[in-house]
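# Report on the structure
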Amino acid sequence: RRSSDLFPSVHLRGGAMSQRSQLLDILRDVKTRVQDRLGNAEDFPLPQFVILGSQSSGKSRLIESFAGYTFNFVSGTLGSRRPTVLEFRHREDSKEALWYVQKPGETGWQQYSLQEVQKQVGAAHEELGKTVSAQPVHVRLEGPNVPDMQVVDLPGFRAFADNADALALQKAIADLNESFMEDKNNIMICIEQAGDAANMEVLGRCKRFDPQHRRTILVRNKLDKYYGDLHSSNINQWMEGMGDIPPEILKKTYTMSLPHWDTSQGQSCPGDFGKMLRERAAADLTQTRERNISAKFEKMVGFDNFSQFMEREIETQFANSVQPVIQKLTELQDQMTTQKNSLEKAVSHSDPKAVVAMVRDVGVSFGHALSFVLEGVVSAKEGRQTLEEELIAFHDFHKSRGTYDERDLLPSEEFENLKGYVDYFRDELRCASFDFRLNGGAQFRRLMWEVEVFVRFAEVCEEVKKRDIIQARGVAMQVVGWRDVVVKILNKEAHLKMKARIRYVGERLKFFFKSQKEAVVEFMSSIRGSADEKLYSVLYAEHVEQLKNNPMVKEMVFDTFDKVVDRQFDSFVSLFQNTLCATFNNPWLFLKRSESGAGGPKNEDIEDVYLPTFDDIKTRVHDEMQTGANVEQTINRWIADVPEEHEKLEDAVDKCSAILIQTFKFIRSQIADQAGLFGESFFKLPMLRRLEEDMCKIELHGHHVQQHQKQQEQHEAELQETIAALDDVSACVQKLKQFAASFGSKKTSTTDAFSPPARRSGRQS
């Protein structure tokens, strides 16, 4: 049987057949190379015909009529339970029908015999049991008698369900079908029995998703069952559905009879299917003409008229989709070009050497940004805390780690707990910035004030015991004087207390700097688009994206920063403790220096200050040296006043205690005064200087190298896939644009060629 028997426009020579075939080939390319391959089915403006109907409405027979071949893909009592996509392609060079199946997840087609295709498709439906699946089965038929078209056969709606399983299957099928019906790119071919139009249940479902029936085609099947009900007085009204068929779909309503035979025992077609189809079409026309059907409705009777309509509909729908498809593909092409460029950059950046360089650059930018945060930036809000919140977080941190007892983190035993210490700041010292949430440099300044208060709470033991005085004096080759006793007692009682205070200062500084990391990231993020954007490096915006989006980069930069802070903490404590050791080993020199430099700014009017002359400088030097000498004389006098007699031990203890307390007072005051200076010079400044150096020494760990090598391989694979997909999309765009240009230049001839031929009274066999 020639395809011209069912689709007479196959006879069209030149333009029409070539143009239609070219268009369908291109759109098929789009579907295979783009829509199916890339999974861009949603909102893709490629039209698709879906076959809808209830069970036993004749859906399968209509599809077989399109193909010109009989095939029964589904057997058994449950019927189909997944979509079956059937692609029919006309091939003049083929002498017989060729069947293909596309496996799920694959893009290629495998050729099989019809029997094997029936077996595979049937198994795909049967394996679902009493469930359904949206995963379609793809079948392709090529041959000389096959028209160019594609349809999707959906499971038939079920009218009855007599148990829970059947009810669940009924609903699942309805949900599956309706997911196709709501897609505006799908043209619905609704098949109903040619009976009472008021009972067309499937058409009612279609109207819910297509109220104006713009994408609905109605097929009234099994006309031969109603020949006896028709006569000249009702034939035309019956064709109108007795008023129950909406006018907007009436012009797309076709009534016909298709070949049928008893299939209850699996019987195959009893004769030549093509001949049976032609006989049914001819009988439909004969029966309706005998009943004086109007010329208007005669064109809507029989499969032949329907096939001509479908050819026109296919051409119209696909021709109308050319420009939307070009637009969609162009958008996809732009997206994939961007993706390709991004992947090329990712391949380059995932090279371990490039990753090391990138991480180092990010770390250097982070270190520079920290300096700006410490200078004070209004935009950084991350990590802001009141003094109370800051102290609570500090205590909780060490409590969770068990590094310090709570008593070690309070300046005096008189404070029962942290709340008492916090209340002291709020109610007695009345700290001006106590309740302000701060971060960065402002928080650092407040912290240094708090640790100065902490240091000033240090006290030597309340009472020096007689035993300690006697024990400290001892016996030596040389006479052990009271000066030596005071030094020993200071080292025993005061040195350790001050070391603990200095360690507290270091811990507070370490905790502060580690808590600024997120504030630095926020500051770097806020630069782009801000009024101050031109004041900072343009690299901040790029590098902060790596910190925010690349966990490995963030981990390495933050880890390096924490190590620098930890190392600086150790250096700070060591330097400060060396100062303490020198101080307590020779407190007299420290006192001499503190007194000689204790003058500071005098209470004189600023206007009275003038540049000193050389004589003024000599006078100042003499006075300062004399002050130091006076201090030493005072110390010697204190020591000389301590009695040597054994019976005056009580008086000696009192005088030693006084000297001890006075000496410690000067030491504590000087150290507290210099806590801020030490925090700047021993912690902040050297840390900032060394931070960039350490960031420039970052190296990838072994597992990071392996991780990035693996990432690079993945990116390269994704890049190759993207390039291949982009080539497909670009090729489709080029073909469609060339077709559109060619179609435009031949619009008149093409329109004539696509026009349907005049209806002929007979068919060739």
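Structure: above.
Residues numbered from 1 in each chain as written. Predicted model: local features only at pLDDT ≥ 70, side-chain atom pairs only at ≥ 80, totals over all residues. Heavy atoms only, no water.

## Quick look at the pairing of strand β2 (residues 84–90)
Judged by how many residues are buried, β2 sits mostly within the fold: 7 of 7 residues are covered. By the alternation rule, side chains of β2 split into Thr 84, Leu 86, Phe 88 and His 90 and Val 85, Glu 87 and Arg 89, which are all buried. Alignment of β2 against strand β5 (residues 137–143), held across 7 bridges, turns out to be parallel. Bridge assignment links Arg 89 to a residue of β5, and that residue is Glu 142. Pairing of β2 with strand β6 (residues 149–153), which is carried by 5 bridges, proceeds in the antiparallel orientation. Paired with Phe 88 across the two strands is Met 149, which belongs to β6. (Buried < 20%, exposed > 50% of the residue type's maximum accessible area, 1.4 Å probe, protein only. Helix = DSSP H or I, 4+ residues; strand = E, 2+ residues; numbered from the N terminus. Pairing = 2+ DSSP bridges.)

## Describing the sheet that holds β2
In space, the 9 strands of this open sheet follow the order β4-β3-β5-β2-β6-β1-β7-β8-β9, with mixed pairing throughout. The open sheet terminates on both sides in strands that have one partner only, identified here as β4 (110–112) and β9 (253–255). The sheet shows a mean angle of 25° between the axes of neighbouring strands, direction not considered. Sheet strands touched by helix α2 (residues 59–67): β1 (48–53), β2, β5, β6, β7 (186–193) and β8 (216–221). Its angle to β6, the strand with the most contacts, is close to 165°. (Axes fitted to C-alpha atoms, helices over the stretch in contact; angles between N-to-C directions. Contact = heavy atoms within 4.5 Å.)

## So, the pattern of salt bridges
Enumeration over the complete set of coordinates arrives at 34 salt bridges. Residue Asp 559 pairs with Lys 563 through a salt bridge whose shortest N-O separation is 3.3 Å. Of this pair, Asp 559 and Lys 563 both sit in helix α20 (residues 551–585), 4 residues apart, which is roughly one turn of that helix. The exposure class of Asp 559 is partly exposed, given its relative accessible area of 33%. Here Arg 567 makes a salt bridge to Asp 694, at a shortest N to O gap of 2.9 Å. (Salt bridge = Lys/Arg side-chain N within 4 Å of Asp/Glu carboxyl O.)

## Things to note about the nonpolar core
Of all hydrophobic cores here, the largest spans 93 residues; its most connected members are Phe 366, Phe 513, Phe 523 and Phe 572. When residues of this core are assigned to their parent elements, the largest contribution, 15 residues, is made by helix α17 (residues 482–514). Not counting chain neighbours up to four residues away, the residues in contact with Phe 513 comprise Leu 374, Phe 444, Phe 561, Val 565, Phe 683, Lys 684 and Met 687. With 91 residues, the next largest nonpolar core counts Ile 51, Met 200, Leu 250 and Phe 309 among its residues. (Core = buried A, V, L, I, M, F, W, Y, C linked by side-chain atoms within 4.5 Å.)

## With respect to helix α10 (residues 303–320)
Across its 18 residues, α10 extends 25 Å between first and last C-alpha, which sits within 8% of the 26 Å expected from 1.5 Å per residue. Of all 18 residues that make up α10, 14 are buried, and the element is covered over most of its length. (Expected span 1.5 Å × (residues − 1).)

## A short note on helix α12 (residues 352–375)
Between the first and last C-alpha of α12 there are 35 Å, a value that for 24 residues agrees with the 34 Å anticipated at 1.5 Å per step. Of the residues trailing α12, Gly 376 is marked for its positive phi of about 105°.

## Digging into the packing of helix α15 (residues 440–456) against α17
Between α15 and α17, whose axes approach to 10 Å, the crossing angle comes to 165°. In terms of orientation, α15 lies roughly antiparallel with respect to α17. For the crossing formed where α15 meets α17, the hand is right-handed. Contacts from Gly 440, Gln 443, Phe 444, Leu 447, Met 448, Glu 450, Val 451, Phe 454 and Val 455 in α15 reach Met 498, Arg 501, Tyr 504, Val 505, Arg 508, Leu 509, Phe 512 and Phe 513 in α17. Taken together, the residues of the contact of α15 with α17 break down into 12 nonpolar, 2 polar and 3 charged. (Parallel < 35°, antiparallel > 145°, perpendicular 65-115°, else oblique. Left-handed = near helix turned anticlockwise from the far one by under 90°. Nonpolar A, V, L, I, M, F, W, Y, C, P; charged D, E, K, R; others polar.)

Just geometry here; none of it tells us what the structure is for.
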